[in-house]
Amino acid sequence: MIQIYLVVLFAIMILFGIRLLKKKSPLVMSRYRNIILFTLSGFLLLYLTATGRLNWLFALISLAIAFTLRFLPALLQFGPQVHRLWQSFNSSKQRSSQSQHEASSKGKMSVDEAYEVLGLKLGATETDIISAHRALIQKLHPDRGGSDYLAAKINLAKKILLSK
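Residues numbered from 1 in each chain as written. Predicted model: local features only at pLDDT ≥ 70, side-chain atom pairs only at ≥ 80, totals over all residues. Heavy atoms only, no water.

1. Remarks on the overall build of the protein chain
Within the protein chain, the secondary structure is distributed over 7 helices and 0 strands. Element order for the protein chain, N to C, with α for helix and β for strand: α-α-α-α-α-α-α. By the compact-globule yardstick of 15 Å for 164 residues, the protein chain is too spread out, its C-alpha radius of gyration being 27 Å. Its C-alpha atoms give the protein chain principal-axis dimensions of about 75 × 55 × 25 Å. Residue burial in the protein chain is summarised as follows: out of 164 residues, 12% are buried. Accessible surface computed for the protein chain: about 13700 Å², of which carbon and sulfur atoms make up 67%. Distance from the positive charge centre (21 side chains) to the negative charge centre (8 side chains) of the protein chain: 16 Å. (Helix = DSSP H or I, 4+ residues; strand = E, 2+ residues; numbered from the N terminus. Rg over C-alpha atoms; globule rule 2.2 N^0.38 Å. Buried < 20%, exposed > 50% of the residue type's maximum accessible area, 1.4 Å probe, protein only. Areas by Shrake-Rupley, 256 points an atom, 1.4 Å probe, with all protein chains shown as cover. Lys, Arg positive; Asp, Glu negative; His and termini not counted. Charge placed at Lys NZ, Arg CZ, Asp CG, Glu CD.)

Pasting the structure below:
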């Protein structure tokens, strides 16, 4: 009977914990998730040790080590190809981010993209553009937790649409 109460108490604690964590930022959420995972893993390891059921874990680790050592020469043959693939992935990623940054810093934005950034349809009036800009910049301004990049994009979109 007491086990049922403990399970219900644990479930209530989890529900309240989830409600509190929903209000936190993603960075805090990931930190809490890591802490919870390490704590649960520690408790599981401690439980398995206390009950004498840790044998399967050691067998699994031994099997993984034996498998790795057995197939290590075959895996090392693919090392240079994997390294080249990784380097090309990183260089293409850097090139694309540089080109995007250069395009945005030079003010290259099409009229269609400007309408899309502000969430407007083609042919919107000047007052629509100004009100959409004001609403977005109030939400995404860096002083209110937004980013400089988004604020710059919003300002650039307004500038392009009002200058056409």
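2. Quick notes on the nonpolar core
In terms of nonpolar packing, the biggest core is built from 14 residues, with Met109, Ala114, Leu118, Ile129, Ala157, Ile160 and Leu161 touching the most fellow members. Going through the elements one at a time, helix H5 (111–118), helix H6 (126–140) and helix H7 (148–163) are the ones with two or more residues in this core. A total of 6 residues in this core trace back to one element, the largest contributor, which is H7. (Core = buried A, V, L, I, M, F, W, Y, C linked by side-chain atoms within 4.5 Å.)

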